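Coordinate inspection notes
So the chains spell out like this:
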Amino acid sequence: MRIYLLATLFSAPSANCLLQYQRLHTGVTNKHSLSMRLNPTSFQGTDYVITEYPRPALRRVPNTPISQFDDAFQTKAKEMLMIMYESKGVGLAAPQIGLNENVFVYNPSDSKNMERIVCNPKITKYSEEVIVEQEGCLSMRSDEVAGQVARSAWIECEYENEEGQKVRRRLKDFEARVFQHEYDHLKGILCYDRFPPEDREAAQENINTLLGLYTDEDALIEPDANEFKNMMPRPLSARYMPPLEVDDEEDDEEEQENDPTGGGSGGFGGGGFGAGGGKKTGGKNTKEAKKKKPKARDGSRSDNPQFKKSGKTAFANRK
């Protein structure tokens, strides 16, 4: 199983495209600041508002399947999209507006042509390859409740669209991550449930703040045990540490001998959305254009002996 950490945190192409996943700086530390992002108290053209943890709608399962694709449903779906866009979002699930119904909407791009209304979804296959990125959730005021989440690099899924037509798709990259995040909401799972222990501990003070703000007695704090047990992929047992990059002057000198121009094409070194890239320019000396080679960390932050051999963190067998 290969695990990647993207060099930059995921972001939608549009600056106005972010709801479930907040733009976070690399190395988020959750510094226990109680100055948390406030969700809008109302949205134009709808009575729905964002449901925040620990309101029970976020944890209740199962959600009611969508069986009527009538005008009332079409109106509801349009309101969900409107809330998503007004919140500068890429996705919104029905439990996030207090509805325990089996539907979510998303748009991973800045084009309306990519809008999706997903009813009664099922993920039929998860890739073994996973990508580790920072995630947050608007229902948890994600500026301060964020952590690493492992998601399958691609998935195969089935669902019904807004007309009740059956759809089968294979999704990859950012769209696959968005779909998996929203699908979790329909299972009563929050991204916080997938955080490694270090990130859960770092976010705990702000979680306590949210718990303190909810005064009703029906709070649901933990996910359904069966849904948690069946989560795919499994949560990380510890924070994933990307390989170190070290200079290798000998390799660089050898490359210069084989290629006197010092040229060569660059790429999106580390992967990710806009991470690295560009072509190297010719004529630079070896110290200005050193080739970098990955070096695995020693695994000292993991209790898993496999990590020390491979530089990769195994998933936790949380039960």
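Residues numbered from 1 in each chain as written. Predicted model: local features only at pLDDT ≥ 70, side-chain atom pairs only at ≥ 80, totals over all residues. Heavy atoms only, no water.

1. A few points about the overall build of the protein
For the protein, the count of helices and strands is six helices and ten strands. Taking all 319 residues of the protein together, 48% fall into the buried category. For the protein, the proportion of contacts with a sequence separation of at least 24, taken over those separated by at least 6, is 74%. Roughly 16500 Å² of accessible area belongs to the protein as shown, and the carbon and sulfur atoms make up 47% of that amount. (Helix = DSSP H or I, 4+ residues; strand = E, 2+ residues; numbered from the N terminus. Buried < 20%, exposed > 50% of the residue type's maximum accessible area, 1.4 Å probe, protein only. Contact = heavy atoms within 4.5 Å. Areas by Shrake-Rupley, 256 points an atom, 1.4 Å probe, with all protein chains shown as cover.)

2. Considerations on the nonpolar core
Counting residues in each nonpolar core, the largest one holds 18 residues, and the members touching the most others are M80, L92, V103, V105 and I117. Of all the secondary structure elements, the ones that give two or more residues to this core are α1 (71-86), β3 (103-106) and β4 (116-126). Counting residues per element, this core draws most heavily on α1, at six residues. Setting aside chain neighbours within four positions, we find M80 in contact with L92, A93, A94, I97, V103, F104 and V105. Counting residues in hydrophobic clusters, the runner-up holds 17 residues, among them F104, V118, C157 and L171. (Core = buried A, V, L, I, M, F, W, Y, C linked by side-chain atoms within 4.5 Å.)

3. Some words on the pattern of salt bridges
Taken as a whole and assessed by the stated rule, the structure comprises eleven salt bridges. One salt bridge in this structure joins D199 and R239, with 2.6 Å as the shortest N-O distance. Of the two residues, D199 is situated in helix α3 (residues 197-213) and R239 in the loop between α4 (225-229) and β9 (244-247); the sequence distance between them amounts to 40 residues. A relative accessible area of 15% places R239 in the buried class. In the salt-bridge network here, residues are joined through shared partners; they are E133, E135, R151, R177, D184 and R194. (Salt bridge = Lys/Arg side-chain N within 4 Å of Asp/Glu carboxyl O.)

4. Thoughts on the pairing of strand β5 (residues 130-136)
Taken across its seven residues, β5 has seven buried, putting it largely inside the fold. The two faces of β5 match: V130, V132, Q134 and G136 on one face and I131, E133 and E135 on the other face are all buried. Pairing analysis gives seven bridges linking β5 to strand β6 (residues 146-152), with the strands arranged antiparallel. From the neighbouring strand, E135 faces β6, where its bridge partner is G147. (Pairing = 2+ DSSP bridges.)

Nothing here speaks to function; it is geometry throughout.
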